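# Per-entry structural report
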Amino acid sequence: MSKRKILGDFQTPVQLARNVISRLYADGLQWERILEPTCGQGNFIRVCIEQAAGVREIIGLEIQQSYVEQSKRIRSELVRISIYQQDIFDINLATSLQWNTLSPLLVVGNPPWITNAEQGRLNGKNLPGKSNFQRLSGLDAITGKSNFDIAEAVWLKLIHEFVGEPVTIALLCKTSVARRVAQFVLDRKLPVNSMSLYHIEAQRWFNVAVDAGLFRLDLNQGEISYDVAEYDNLLDASHTRTFGFYGNNIVADLDSYRQVADLEGTSQLIWRQGVKHDAAKVMELTYRDSVLTNGYGDLVDIEKDYLYPLLKSSDVQSISSGFVPRKYVIATQKKVGQQTLHLRDTAPKLWRYLNLHADQMDSRKSSIYKNAPRFSMFGVGKYSFQPYKVVVSGFYLPARFVVVSEYQGKPVLSDDTCYSLSFDEEWMAYLVCALLNHPKVSQFLASITFSDSKRPITKGVLERIKLNAVYKQVNIDQLTNCATTSFGASVNFDRTNVDKQLQLFEDRE
Ligand SMILES: C[S@@+](CC[C@H](N)C(=O)[O-])C[C@H]1O[C@@H](n2cnc3c(N)ncnc32)[C@H](O)[C@@H]1O
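Quick caveat, the model's predicted, so the values are computed rather than measured.

### A look at the pattern of salt bridges
Per the stated rule, a full pass over the model turns up 23 salt bridges. Taking the shortest distance from any N to any O, the salt bridge between Arg33 and Glu165 comes out at 3.6 Å. With Arg33 in strand E1 (residues 33–36) and Glu165 in the loop between helix H7 (150–162) and strand E5 (167–174), this pair connects stretches of sequence that are 132 residues apart. Accessibility expressed as a relative area gives 3% for Arg33, which makes it buried. Relative accessible area serves as the criterion here: at 23%, Glu165 is assigned to the partly exposed category. A salt bridge links Asp232 to Arg241; the shortest N-O distance between them is 3.0 Å. Through salt bridges with shared partners, one network takes in Arg179, Glu230, Asp232, Arg241 and Asp452.

### Some details on the sheet that holds E1
Ordered by their spatial adjacency, ten strands build an open sheet running E3-E2-E1-E4-E5-E7-E6-E8-E9-E10, and the pairing between neighbours is mixed. The open sheet has two free edges, formed respectively by strand E3 (80–85) and strand E10 (249–251), since each of these has just one partner strand. Each adjacent strand pair in this sheet contributes to an overall mean axis angle of 15 degrees, direction not counted. Bridge count for strand E2 (residues 57–62) against E3 is six bridges, and the pairing is parallel. Bridge pairing in E3 links Ile59 to Ser82. Across the sheet, helix H3 (residues 43–51) is in contact with E1, E2, E3, strand E4 (105–109) and E5; its angle to E2 comes to roughly 170 degrees. Sheet contacts for helix H4 (residues 65–72): E2 and E3; angle to E3, the most-contacted strand, approximately 170 degrees.

Conventions and cut-offs
Residues numbered from 1 in each chain as written. Predicted model: local features only at pLDDT ≥ 70, side-chain atom pairs only at ≥ 80, totals over all residues. Heavy atoms only, no water. Salt bridge = Lys/Arg side-chain N within 4 Å of Asp/Glu carboxyl O. Helix = DSSP H or I, 4+ residues; strand = E, 2+ residues; numbered from the N terminus. Buried < 20%, exposed > 50% of the residue type's maximum accessible area, 1.4 Å probe, protein only. Pairing = 2+ DSSP bridges. Axes fitted to C-alpha atoms, helices over the stretch in contact; angles between N-to-C directions. Contact = heavy atoms within 4.5 Å.

Structure (structure tokens):
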């Protein structure tokens, strides 16, 4: 099983391969040469022989000898088929293969869907690091990342090696990989003429819960374009939206984005991610019937000064009026890097509790805890302890912004799945929140984010919202209405006060 996983060995069902080939040939283009770079049992090759009009030569490469044997059994009277046992990371795919002609080339297949981190856990070494590959532009950047997808490395290798000739590359891969590849070709201004992403049901075909599709990219075949036509289904006749780039910013739906592009800017207000401690069982406590318990079910007795109501993503989605915390979080610091040793004297019960769980606290994996004071946390600062916050979850679309006020005299902290803005004045929090819940902001956020990403809303996304552009387009009555309908609270904004605050929303240069 491990070897299968390391090699990302999930053979494409014949029917899916048929649908892929039908899709690629739907607009009448033909290729005389076809390369299947990781051909496995050869299902794509079989289907190409059946369906690919005009094909004369097919080369299949595969690392596993048993699959090579299977693929070698494929016969055709009309098509010259060559199968080689080959680790693709060992050769240059554009110069090392012996073709009979130099006619148009289609590269089609399904490279491994596995990340280097998953591979590392399985002790695998199917990594691009051989020959001069690692020095290729861009690849050093991705292989330097802690986590990248092997399929992304295959894409970059193919693009890099075939950049000088007309070629169509169409591979099944995760949609996140397709987006990074699109960003890669844009950043390097490579001669790409068209890109399309056709979603497939990965659960149905491969029994995996990821968003995936057929990503097609045409190189050196005419006018340059970095727009990506996105189809909800492989066989749909027309695309549902176009994702692409506006300047260097990736945009999920270009048509929708163009209608609200005036909101693109740099937020003057600083978005903060919630508290991070990587020890939920120790640091997050439940308070019920005057009793505090931790994630192990143990009763906890600590100084209450260090305990704050905690808001989680699911709370943000469900709050209607008034937040009643389900959990509390221990705050060992008021700002990042603050010494914690003083807790021994200022909060002896808390100190004892933390020491009781020192094993778990000291073995937190993230490198941010190395060389930090003992029992440190992150995402704390003056802003964490301000009384009013506008909070949004990173996980959900459409984004829902809520105002959270102090609970029983204590500021509410959010966890690191949320982002927030902090305020000293309540009306400011309501004003900003009303602006953020304005339909134009919702449209803007929907147009720049991908609903299939794990965390569509990030600090980077939120910082792109130019609040003064929204502010200039609405009047106080609309804002009051928006605030009232969003929060169920009746909020009256004072125009003079609001106008004074306009400067706050001016763009940060
Ligand atoms: C997702 S499977 C797909 C197989 C085939 N393309 C298909 O669509 O049915 C990925 C294939 O890549 C092969 N593979 C993995 N790493 C490889 C490498 N470095 N060079 C060549 N083939 C490799 C695996 O053995 C496996 O057969």
